[in-house]
Amino acid sequence: MEMPKPNPKILARKAEFLAQLANILPPDAIISDPFETRAYECDALTAYKCPPLAAVLPSSTAEVADVLRLCHRMGVPVVPRGAGTSLAGGALPTADSVILGVARMNEVLETDYDNRFVRVQTGRTNLSVTRAVEEHGFFYAPDPSSQLACAIAGNIAMNSGGAHCLKYGVTTNNLMGVTMVLMDGTVAELGGAHLDAGGLDLLGVVCGSEGQLGVVTEATLRILHKPEGARPVLIGFDSNEVAGHCVSDIIKAGVLPVAIEFMDRPCIRATEAFAGAGYPDCEALLIVEVEGSEDEIDVQLGKISEIARTHNPVELRQSNSADESARIWLGRKSAFGAMGQINDYMCLDGTIPVSQLPYVLRRIGEMSAEFGLGVGNVFHAGDGNMHPLILFDANKPGDLEKCEAFGAEILKLCVEVGGCLTGEHGVGVEKRDLMSHQYAPEDLDIQMAIKDVFDPKWLLNPAKVFPLAASEPRRIAAE
Amino acid sequence: MSGAANFRKDAVLRPESETDLAEAIASANSPLRIEGGGTRPVGRCAGKLLTTSGIAGITLYEPGALTMVAKAGTPLAEIAAALDAENQQLAFEPMDHRPLLGTDGTPTIGGVFAANVSGPRRIQCGAARDFLLGVRFVDGQGRILSNGGRVMKNVTGYDLVKLMAGNRGTLGVLSEVSFKVLPQPEATATVMLEGLDLRDAVKAMSAALGSPFDVAGAAHVQNKTVLRVEGFVASVTYRAQALSEKLGKFGAAKTLTNAEENTSLWQSVRDVTALGTYPAVWRLSLKPGDTESLFLKLRRLHDGFLGKTILDWGGGLVWLAADREMLMDMSMQAGPNDHCEPDMGVRVGHMNLQELAQDLGGHATLIKAPEEVWPHVNAFQPEPPPLAALSDGIRQKFDPRGVLNRGLMGGM
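As recorded in an unreviewed UniProt entry, chain B goes by the name Putative FAD-linked oxidoreductase, listed as coming from Roseovarius albus.

As annotated in an unreviewed UniProt entry, chain A carries the name Putative FAD-linked oxidoreductase and is attributed to Roseovarius albus. Entered under Cofactor (unreviewed entry) in the UniProt record, the comment concerning chain A runs "FAD".

In structure tokens, the structure reads:
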């Protein structure tokens, strides 16, 4: 992974920079000891590491503005960081950059049940937003797998999804407003407790911009009342193709489940060995969850089962209690851990049109044989968001590179069949150089033009999202 | 005839392909006025008319994947018919502006997305912008660009799809859109409360929307507070009943289950047909709870607003209308002037409503006004300085020559 060479002028001014930081932040908010900055050398994409020049942990929007103003003046790159759970290297620093972590800003600022929103500081974790409103029966819908740990700041930066977004949408569909600090220290309010923008939808552009346009310190999030209940049905098939058709038929029939999860045989076997959820040993497995009152759930699950039966399932297990639901979800929820037990793995995130599911799974199987690396598939089938898990051995020389090459081929395949490189994890550094497979040069240029407007000096998370060669002229011109 | 007709002087540009569209824009040496079907002229700008109505046709429809791709000029009716054949629909329920604005012509799918037009179901399933998955468009330099795609989850690069939704042809002209569609519900019921004042109506709607019963429409029109539930028959019956009980403290609720009645009721809410006869109409987006404060302040501006108010989105969308008499009254507030009085009334009202909306953290748009008013007003809420600078910066990048709907949304 190539990163821009650290700017020697910035490295040379480290002492001066730290002294200036000390004027605007309390001592415990500045981390510059080389031993301590190692905690910030990577995110959840641990293959790439680089300790930053320093890390700062401001406690308020005003402190964030002070830090950005200083960095802007001194030309120091800034890498914003939520909880550091990015699988795409979105918070990977460079040696001449400062990590700006929002972890200390984790307050709930306002809860409003009548108007159905909550305003939080963005260092707050995803799950704790729901925790703050659930005693009144409400929840925050986007539910990335890392929801126990991941921060709202990162959710906004990556426009995170989750298993339940088939019904409730991803972050951008649940984000009503933000307080954002621009690189020059300007504080801007976008959106709020009302719906939709009066002018251009800048909030829509900021969400998913991977921390390259500004540092989001506060967010207004839509909250919903919890449904009365939810229950899944587990359906096993003897071919991926049939499972794919079943997904399509369920959707066409007018049932809108909250989640349709898909696992293939390698993944089913791994999770069975790991969690013993009692899954059938079959080619493909669907978990379809619906919501409502007990009767409503029965009606919907009945319709889904009826459709599934026309596809000759090898197993059809409808949950009738909370306990049975938990057992059905157990395997799915431990899938990543189960695969991790077998070996190191790389988790991909491409999205494909649902109709291409059987073809893409077949091609992945063929490529797995070609590359000699195992792969398990577990993903959100309702919206075509795939998560192939490629197994490799990090201690075996050359395996990581082989795994990355395999991953790149899968993502190119996703684009080829009409899909995209990433459905919910973001581009980060991981998929940066594949962007030219999805976008023509001028399509990338207009995206980079947006960054030119928000961050003309290209100091915010500069080496991410765009192929390094594509962003280089702009980064150099800005220096 | 379109409301913008008096700008139609030169021959109309009507490209029939994306390439022709790019050429037309690249070779434009003066501002262009961009139009889809011309049924929603909100705000005005000068320039030679360019219509996308010639770039039409459904490119791809996959009912099992809930996605459709269509060229921007495709008539909305053609889209609706194709979806209907598969029991699907545009769930965000775009408003038809023709009854309100008195325009004719054929609404296009490009126009719907370019103006981010959403109806009553917006509070449950999202706005047009939430359903737009991908765009192809031509920017002010004549470059053919694309962003997003045709899959439901896509975080690959910046989300310019959201930016293009609601850009009203000021950043680029849409040539093709891909979007998510949803199944039509099997059944619909409306729980109706009568005689609530605006304040209680908002409270009742908040209670309904804060319930687990998945309310897919919450509006208050002409003394009736209406709450919609949709889905499978048994489920709708159950939720309508549960909702009526929950709202018991607001009075005895009636439930409408007849399909045609429901369709026509929600169509009239969507299209704001009740305000079609008024010369001036505004649309405000606010936090629903702020409507109470709005109504108090409105009374000072003109108490005539209150009787005609339509609330949608649980009170978060406020439609205000003024009749001729109210406009005359408001024009007095401007002091002696030599303008035609109702026109001055619109300008006074507009200024006041935008101030109110700004104070409340929302926004107000002038949707309908006598033609003479437009040159004097910005229909759209001015943005606060940091946002205005960003929006202007983006316009400079997308349309450095200022040829696309110049000045329509303010700026430049």
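Now that the structure is up, let's keep going.
Caption draft 1: Fine view of empty space enclosed by the protein. All names here are of chain B. Under the defined criterion, the tally for this structure stands at four cavities of 30 Å³ or more. Reported here for the largest cavity is a volume of approximately 500 Å³. If you trace the largest cavity, you find 31 residues lining it, with Ile34, Glu35, Gly36, Arg40 and Asn405 closest to the centre. Elements represented by at least two residues in the lining of the largest cavity include exactly β1 (32–35), α4 (109–114) and β8 (172–180). Across the lining of the largest cavity, the residue classes break down as 13 nonpolar, 13 polar and five charged. Here the second largest cavity defines a volume of roughly 50 Å³.

Caption draft 2: Spatial organisation of the pairing of strand β4 (residues 67–71) of chain B. All names here are of chain B. For β4, a buried count of four out of five residues is recorded, marking the element as mostly surrounded by other parts of the structure. Taken together, the four bridges between strand β3 (residues 58–62) and β4 define a ladder with antiparallel strand orientation. In the sheet register, Tyr61 faces β4, and the bridge partner there is Met68.

Caption draft 3: Geometry of the interface of chain A and chain B. Counting residues at the interface gives 92 residues for chain A and 73 residues for chain B. For the pair chain A and chain B, the two sides together bury roughly 6400 Å², of which 60% comes from carbon and sulfur. The interface formed by chain A and chain B holds eight salt bridges in total. Here Lys153(B) and Glu424(A) are joined by a salt bridge, their closest N and O atoms 2.8 Å apart. The interface formed by chain A and chain B includes 25 residue pairs in polar contact (both at pLDDT 80 or more). Considering every element that reaches the side of chain A that touches chain B, the biggest residue donor is helix α17 (residues 441–454) of chain A, with 11 residues. Across the side of chain A that touches chain B, the residue classes break down as 38 nonpolar, 32 polar and 22 charged.

Caption draft 4: A look at the state of the cysteines. Residue and element names in this part refer to chain A. Per the counting criterion, the structure on display carries zero disulfides over all chains. Unpaired in this structure, Cys50 has its nearest cysteine sulfur neighbour in Cys42, at a distance of 11 Å. Considering cysteine sulfurs only, Cys282 is the nearest to Cys246, which forms no disulfide, with 12 Å between them. Classification of Cys246 by relative accessible area gives buried; the value is 0%.

Procedures and definitions
- Residues numbered from 1 in each chain as written.
- Chains lettered and ligands numbered in written order.
- Predicted model: local features only at pLDDT ≥ 70, side-chain atom pairs only at ≥ 80, totals over all residues.
- Heavy atoms only, no water.
- UniProt positions renumbered as here; feature names shortened; annotations may be inferred.
- 1 Å grid on protein atoms, 1.4 Å probe; cavity = no way out; pocket = protein on both sides within 12 Å on 5 of 7 lines; lining within 4 Å.
- Points joined across faces, edges and corners; volume = space filled by probe spheres on them.
- Helix = DSSP H or I, 4+ residues; strand = E, 2+ residues; numbered from the N terminus.
- Nonpolar A, V, L, I, M, F, W, Y, C, P; charged D, E, K, R; others polar.
- Buried < 20%, exposed > 50% of the residue type's maximum accessible area, 1.4 Å probe, protein only.
- Pairing = 2+ DSSP bridges.
- Contact = heavy atoms within 4.5 Å.
- Buried area = accessible area lost by both parts, 1.4 Å probe.
- Salt bridge = Lys/Arg side-chain N within 4 Å of Asp/Glu carboxyl O.
- Polar contact = N/O pair within 3.5 Å; in protein donor to acceptor, adjacent residues only side chain to side chain.
- Disulfide = S-S within 2.5 Å.

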